[in-house]
Amino acid sequence: MDPFQTLAEDVATCRACPRLVDWREQVATEKRAAFRDEEYWGRPVPGWGDPAATVVIVGLAPAAHGANRTGRMFTGDRSGDFLYAALHRTGFANQPESIRPGDGLELDGVWITSPVKCAPPANKPTPLERDTCATFLDRELTLLTEARVFVPLGQFGYQATCRFLGVRPRPKFGHGIEVAVPGEEHDPPRWIVPSYHVSQQNTFTGTLTEPMLDAVLRRARELAAA
């Protein structure tokens, strides 16, 4: 079986964290009024994209009424709208909208994932939940053998990415900073280029603007091709 498919099935059937299981299933049952006629995914959400990706976007966790509803990362909410529009402008996506699986969206050269695979209450996973889920992120990033540039969205994704890549000491998080990741001799260089998270709190206040995110993604493409 395809190792990405095997991993996706392992992720989607995980019930390791009782608090997260209870929350994601409660949300899927109660639903938001705007989606009351839809069937929610209500399970952990696997990463997705181009298996040959050279750029990897690392978020935080699925949104309760976004990916927890649709079953695809950053799909079906305002944060995803902002992200996929940027991916389209920078040539990583064939269309600017991500509505649901099967909507025709395709990614080229990029993979999208998160350190925590279940929607957490208040968007805040606990340290134990983060650590329990780390095995999935490690498996996933190990499969992405062509990955050269990692774009964490926010502090949480940045910390998880640095842990996986063994970056110590970890430079202070900052939008658009470039962290070189030392590798074995003759290995291609790898980089971490973080962005502020695409949360509504950031995008509505102007903390993160379209030009800011576009610049990070274009720089990630440049570094991946170098």
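Report on the accompanying structure. It should be emphasised that the depicted structure is a prediction, and the values quoted were computed from it without experimental measurement.

Points about the overall build of the protein chain
Here is step 1 of the chain: What the protein chain contains, in helices and strands, is eight helices and six strands.
Here is step 2 of the chain: Helices and strands appear in the protein chain in the N-to-C order α-α-β-β-α-α-β-α-β-α-β-β-α-α.
Here is step 3 of the chain: For 226 residues, the compact-globule estimate of 2.2 N^0.38 gives 17 Å, and the C-alpha radius of gyration of the protein chain, at 17 Å, lies within 12% of that figure.
Here is step 4 of the chain: When the backbone C-alpha atoms are referred to their principal axes, the protein chain occupies close to 50 × 35 × 35 Å.
Here is step 5 of the chain: Residues counted as buried form 51% of the 226 residues belonging to the protein chain.
Here is step 6 of the chain: By sequence separation, contacts in the protein chain at least 24 residues apart represent 67% of the contacts at least 6 residues apart.
Here is step 7 of the chain: Accessible area for the protein chain stands at about 11000 Å²; split by element, carbon and sulfur atoms hold 51% of it.
Here is step 8 of the chain: In the protein chain, 25 side chains carry a positive charge and 28 a negative one; their mean positions are 6 Å apart.

Details of the nonpolar core
Here is step 1 of the chain: Of all hydrophobic cores here, the largest spans 30 residues; its most connected members are I57, L87, L107 and I112.
Here is step 2 of the chain: Secondary structure elements with two or more residues in this core: β2 (55–58), α4 (78–89), β3 (110–113), β4 (149–152) and α8 (210–225).
Here is step 3 of the chain: Considering each element in turn, this core owes the most residues, six residues, to α8.
Here is step 4 of the chain: The contact partners of I57, leaving out residues within four places of it in the chain, are L83, L87, V110, W111, I112, T113, V151, L153 and L217.
Here is step 5 of the chain: V58, W111, L137 and I192 belong to the second-largest nonpolar core, a separate cluster that totals 19 residues.

Examining unusual backbone geometry
Here is step 1 of the chain: Between R168 and the following residue, P169, the backbone shows a cis peptide bond with an omega angle of -5 degrees.
Here is step 2 of the chain: With respect to the secondary-structure elements, P169 resides in the loop between α6 (154–165) and β5 (179–181).
Here is step 3 of the chain: Although it is not a glycine, K31 sits at a positive phi angle of roughly 60 degrees.
Here is step 4 of the chain: With respect to the element layout, K31 can be found in the loop between α2 (18–30) and β1 (48–49).
Here is step 5 of the chain: Located in the positive-phi region is N123, a residue other than glycine, with phi close to 60 degrees.
Here is step 6 of the chain: Note on placement: N123 falls in the loop between β3 and α5 (127–143).
Here is step 7 of the chain: N123 gets classed as partly exposed once you look at its relative accessible area, which sits at 48%.

Focus: the sheet that holds β4
Sheets are built from strands paired through backbone hydrogen bonds, the pairs being either parallel or antiparallel.
Here is step 1 of the chain: Pairing within the open sheet is mixed, and its six strands lie in the order β1-β3-β2-β4-β6-β5. Strands at the two margins of the open sheet, each flanked by one partner only, are β1 and β5.
Here is step 2 of the chain: Pairing of β1 with β3 involves two bridges; the strand directions are antiparallel. Along β3, the bridge assignment pairs W48 with I112.
Here is step 3 of the chain: In the packing of α8 onto the sheet, the strands contacted are β2, β4 and β6 (190–192), and the crossing angle to β4 comes to about 160 degrees.

Examining the packing of α4 against α8
Here is step 1 of the chain: The interhelical angle for the contact between α4 and α8, taken along N-to-C directions, is 55 degrees, at an axis separation of 9 Å. Between α4 and α8, the angle falls in the class oblique. For the crossing formed where α4 meets α8, the hand is right-handed. Judged by residue contacts, F82, L83, A86, L87 and R89 of α4 engage E210, L213, D214, L217 and R218 from α8.
Here is step 2 of the chain: Along the lines of polarity and charge, the residues of the contact of α4 with α8 split into six nonpolar, no polar and four charged.

What about the pairing of β2?
Here is step 1 of the chain: Burial of β2 is two-sided: the residues V55 and I57 facing one way and the residues V56 and V58 facing the other way are all buried.
Here is step 2 of the chain: Across four bridges, β2 lies against β3 in parallel orientation. Across the sheet, V58 pairs through a bridge with T113, a residue of β3.
Here is step 3 of the chain: In this structure, β2 lies alongside β4, joined through four bridges in parallel fashion. Each bridged residue has a counterpart across the sheet, and for I57 the counterpart in β4 is V151.

Scoring rules and cut-offs
- Residues numbered from 1 in each chain as written.
- Predicted model: local features only at pLDDT ≥ 70, side-chain atom pairs only at ≥ 80, totals over all residues.
- Heavy atoms only, no water.
- Helix = DSSP H or I, 4+ residues; strand = E, 2+ residues; numbered from the N terminus.
- Rg over C-alpha atoms; globule rule 2.2 N^0.38 Å.
- Buried < 20%, exposed > 50% of the residue type's maximum accessible area, 1.4 Å probe, protein only.
- Contact = heavy atoms within 4.5 Å.
- Areas by Shrake-Rupley, 256 points an atom, 1.4 Å probe, with all protein chains shown as cover.
- Lys, Arg positive; Asp, Glu negative; His and termini not counted.
- Charge placed at Lys NZ, Arg CZ, Asp CG, Glu CD.
- Core = buried A, V, L, I, M, F, W, Y, C linked by side-chain atoms within 4.5 Å.
- Pairing = 2+ DSSP bridges.
- Axes fitted to C-alpha atoms, helices over the stretch in contact; angles between N-to-C directions.
- Parallel < 35°, antiparallel > 145°, perpendicular 65-115°, else oblique.
- Left-handed = near helix turned anticlockwise from the far one by under 90°.
- Nonpolar A, V, L, I, M, F, W, Y, C, P; charged D, E, K, R; others polar.

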